[in-house]
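Secondary and tertiary structure notes
Spelled out, the chains give:
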Amino acid sequence: MAEKTPLLHYRLTSSDSPPTNDESTHSGAKEGRDGRRSRDSTARKLGVVFGVVTPTVLAMFSVVVFLRIGFVVGQAGLYQSIAMFLVAYFIITMTVLSICAISTNGALDAGGAYYMISRALGPEFGGSIGIMFFFANVCGSALYVLGLVEAVMSTFGIPEEGAAAVAGPHQVLPSGYWWSLLYGTVLLFLCFIVCLVGTHIYAKATFIIVIIVAVILAIVFINFFIVGPFVVVLPESSGLNRTSRSTANYTGFRLRTLKGNLLPDYTVDYTTGATMSFATVFAVMFNGCTGIMAGSNMSGDLKNPSYSIPRGTLAAVLTTFITYNLLSLLAAWSCDRHLLQKDYSFLGDINIWPPLVTIGIYSSAMSAAMSNLIGASRILYALSKDCLFGGVLALARKTSLSGNPWASVLASWLLVQVVLFAGKLNTIASIVTIFFLLVYAAVNLACLALEWASAPNFRPSFRCFTWHTCCLGIVGCLVMMFLINAIYAFASIAFMLLLLLLIHHLGPISNWGYISQALIFHQVRKYLLMLDVRKDHVKFWRPQLLLMVANPRSCTNLMTLINDLKKSGLLVLGHVKLGLLDGLPSDPLPSCYASWLSLVDHLNIKAFVNLTLSDSVRHGIQNLLFITGFGGMRPNTLVLGFYDDCTPQDELQGKILLSAGHGLDTGSPSIDPREQWSPFFPNVRYPEELKDLPEDEYVSVIADAVKMGKNVTLARYFNQFNREEVLESGRKIGGHRSTTGPFVDVWPLNLLRPDSRGYVDTCSLFLMQLACVLQESRAWSQARLRLFLCVEAGCSLKEKEVENKLRVLLNNLRISAQVQMVAWDQVVALHWQRRGGENWNLVESAQNDERRERPEEAEQEDAIQMFPNNDALLTDEYICAVNHLIRTHGAPQPAVRFLYLPRPPADTSRYRAYLHQVDVLSRDLGPTLLVHGVTPVVTVDL
């Protein structure tokens, strides 16, 4: 069922005119999919009274109204009895308010509580609750059938051998396990026939039963006023002994009797032999209040569920609440405490015609059994329609011409019949109640989630609820679960979690919408607004990376490394699609996001995707740097692939990307899975093809990022990087941790400027910070940093002193690294500064004159250590010597190298020379990151 655009074909007016040709064609194409929907619409015949009020009242009364009123008042007294009813109805009223809110927020289909929960909390939670609700209704139906059989046998059954009682003339039914099973099977078969014929017969049957129950209750109320005082003989099954009284008094309305029944008097329950308490009596009483979903279960058969469910459920709750409290008051006012405690069927004993109450008991039990059976079948039908369990429930989707799910009714009847073989269901009775309470708690949770999400589309017409009522309903249901039986409560929650995990891993992707996404959005928006960029501090800095990807097919290895490099920061995959919107019919980017997000799932990286359309790559990257992120979550570092002549390799060739995303439209036409999930990325560039980005524009991108205050990282040779092989070297081998973990080499000096002021500048510290962040990530925890310190024999500081200063710096920065001293006198000798002192003096004099003419620019250049404008004097010989120096000090081969990236020259005509120098510097070094930092990222303060 596709639910993304439910109003797309919504008809505002009804018409009996024949459809046009286009409409006929459209409806013919959708006949298979919408045929079931049309049958469902014809099956919706029930209104408020027949569809909701009648089944809910009967389910809430069941047999409690006739057999448990005396028990509650006799044990707890009138005060505590009323308090129990107030607390119990307060809990269920909170749940009813949630039901009313959800049911009036849109079209409600078959399934009742399952449909509400699954559409609000997702298929995992809804499916697990639906299964538990289904089994609760199955066991509840069996429970009421067996209770009815026991009631019939106690009246008409022949006493078993060894029993002290003498058979009366009306006790003619044979007794025993198999006879009881036969009677239960016959009664269940009658319920099955009624449910199989259809909801209209069920509604009529329940309406007749509710009339019978209402008449009997009216006669019971009248009896309290017309029957005079008399002595009631207690039943022999009330646990009497020689010292106890065998009779009790019905006093009529006496103030003395009322005063004697006001306070509690907890004694031994003669049916179980257990001593009662407030908790145990409350648990027994609450079992009779758990039928509020009987009307909601009929949601698929109601003409207007959004209208009928709130009004019918609230009316049923109010009716039963008033009835229970009136019966409690009349019983406490007219019956002796001994009668209430020793004769739970006292309403029949004080009736002018005792069999009348027996008929009420039989009718209530029969209606409750039918209500649970038809409720179970509707839940099973809804589960089968949603295909949460694949083809397991496919047969349960079959319906009759009138829309009655006969297959689900048949399956539910068979399961109830299986449960009947258990005979006694005393333990299952508690589990059934706990299952119902768990469903009620889930409904409250669904309403709470919808309310907290503040989604504009959650605007139910029933507004008499708040998140406070939802919370109270959840807490009340959970407390009652553990009050009834803590062990069963824990077991039911564990069973629900197990089902949730199974459906999550085995179930299909749904398109119902996930409340978790709405809640996450709500919270993220709130905290993003609280993330004030004015409160940023260097000690809380973290990498927030924008990785520009030309073609994902050729850079998956780089994506995995940058994902490790971000650690707990931000990673955004950026891509520029060349083109102008003016010449296109629509935006081409939304259709590309599915492939990119599938790639993110496939690589198991935590990244956002941001695509843009631009006339050039440079302008596109500028746009992304300007607009990517929100508030304090904006990229502070731009990562680019290196501009070289390496032939790209297709790393996704032949791979099918199965996305872990949600919200896909399962209602769309079925297509081949490979076509649906294959990555929709262009083929890699052939060696002879021109690049989309010229050399000058590439360097301009670097310069733009620096001007915008962004750090820049260039990644080279990551087609040679294999993350699995690199990290495998640092894992345990034979139970012992390997000592040959991956190495990460750091060269913090600007190797193209031997005259630089030292190691402690912004770019060097940023470079070391990135290397340390990579080492601190969980996957790279076994990596070892090697920091190479280049020194000259004739430098002002001695070599040992330089090393000590660097170690002190690393210690202050809490960076663990192995420092290696590298003598590079022979390399520095090739630098133009050392070869031509005269040229150097002329150039330096000219630069000083220029700085005096432009003091503000000169100060800015000193602050950011701008690359000198005389880079043309650098020779390839010197740069090749530096490259050779790095390669000779790379044993064992490092996994990644970090090099200092000089700032691009101010003269744009020197861009090609700059790129050539960086190319020669990093040539054949393996996976290398050239880093230029412009923002302070480390601190020694606490």
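Here goes a summary of the coordinates provided. (Residues numbered from 1 in each chain as written. Predicted model: local features only at pLDDT ≥ 70, side-chain atom pairs only at ≥ 80, totals over all residues. Heavy atoms only, no water.)

With respect to the overall build of the protein chain
A tally of helices and strands in the protein chain yields 34 helices and 14 strands. By the burial criterion, 50% of the 942 residues in the protein chain qualify as buried. (Helix = DSSP H or I, 4+ residues; strand = E, 2+ residues; numbered from the N terminus. Buried < 20%, exposed > 50% of the residue type's maximum accessible area, 1.4 Å probe, protein only.)

Let's talk about the sheet that holds strand S12 (residues 818-823)
Taking strand neighbours across the sheet as the criterion, the 10 strands line up as S5-S4-S3-S6-S7-S14-S13-S10-S11-S12 in an open arrangement whose pairing is mixed. Two strands in the sheet have a free side with no partner beyond their single neighbour: strand S5 (608-614) and S12. Between one strand axis and the next, the sheet turns through 25° on average, direction left out of account. Direction of pairing for strand S10 (residues 743-747) relative to strand S11 (residues 784-791): parallel, over a ladder of four bridges. Within the sheet, the bridge partner assigned to Val-746 lies in S11 and is Leu-787. Sheet contacts for helix H22 (residues 590-603): strand S4 (570-578) and S5; angle to S5, the most-contacted strand, approximately 145°. (Pairing = 2+ DSSP bridges. Axes fitted to C-alpha atoms, helices over the stretch in contact; angles between N-to-C directions. Contact = heavy atoms within 4.5 Å.)

A look at the side chain of Gln-769
Along the chain, Gln-769 falls in helix H27 (residues 762-776). With residues up to four places along the chain from it excluded, the contact list for Gln-769 reads Trp-541, Val-937 and Val-938.

Regarding the pattern of salt bridges
Between side chains of opposite charge, a pair can form when the charged atoms approach closely. Tallied over the entire structure, the rule returns 11 salt bridges. Two residues, Asp-532 and Arg-534, come together in a salt bridge whose shortest N-O distance is 2.9 Å. The class of Arg-534 is exposed, set by a relative accessible area of 73%. In this structure, Asp-745 engages Arg-786 in a salt bridge whose closest nitrogen and oxygen atoms are separated by 2.7 Å. Here Asp-745 is found in strand S10, whereas its partner Arg-786 is found in strand S11, with 41 residues between them in sequence. Assigned by exposure class, Asp-745 and Arg-786 land together as buried. Via salt bridges that share partners, Asp-644, Arg-716, Asp-919 and Arg-923 belong to a single interconnected network. (Salt bridge = Lys/Arg side-chain N within 4 Å of Asp/Glu carboxyl O.)

Considerations on the packing of helix H3 (residues 48-61) against helix H12 (residues 305-334)
The N-to-C vectors of H3 and H12 enclose an angle of 35°; their axes lie 8 Å apart at closest approach. The element H3 and its partner H12 pack so that their crossing is right-handed. Across the interface between the two elements, Val-48, Val-52, Val-53, Thr-56, Val-57, Met-60 and Phe-61 from H3 touch Tyr-307, Ser-308, Ile-309, Arg-311, Gly-312, Thr-313, Ala-315, Ala-316, Val-317, Thr-320, Thr-323 and Tyr-324 from H12. Broken down by class, the residue content of the contact of H3 with H12 amounts to 12 nonpolar, six polar and one charged. (Left-handed = near helix turned anticlockwise from the far one by under 90°. Nonpolar A, V, L, I, M, F, W, Y, C, P; charged D, E, K, R; others polar.)

Re helix H19 (residues 486-506)
For H19, built from 21 residues, the straight-helix expectation of 30 Å at 1.5 Å per residue is met to within 8% by its first-to-last C-alpha distance of 30 Å. When we look at burial in H19, the residues that qualify are Ala-489, Ser-492, Met-496, Leu-499 and Ile-503. Take H19 and look down its axis: the buried residues cluster within an arc of 90°, on one side only. Exposed residues lying more than 90 degrees from the buried face of H19 are Ile-487, Phe-490, His-505 and Leu-506. Sitting at the amino-terminal end of H19 is Asn-485, which places a side-chain oxygen 3.1 Å from the backbone nitrogen of Ile-487. (Expected span 1.5 Å × (residues − 1). Arc of directions from axis to C-beta. Polar contact = N/O pair within 3.5 Å; in protein donor to acceptor, adjacent residues only side chain to side chain.)

Section: the pairing of S5
For a regular strand, side-chain orientation follows a simple rule: the groups alternate between the two sheet faces. For S5, a buried count of five out of seven residues is recorded, marking the element as mostly surrounded by other parts of the structure. Here S4 pairs with S5 via seven bridges, running parallel. Residue pairing for S5: Val-576 is matched across the bridge by Thr-612. Where the polypeptide runs from S4 across H22 and back to S5, its parallel neighbour, the crossover connection is right-handed. (Right-handed = clockwise from strand over helix to strand, strands pointing away.)

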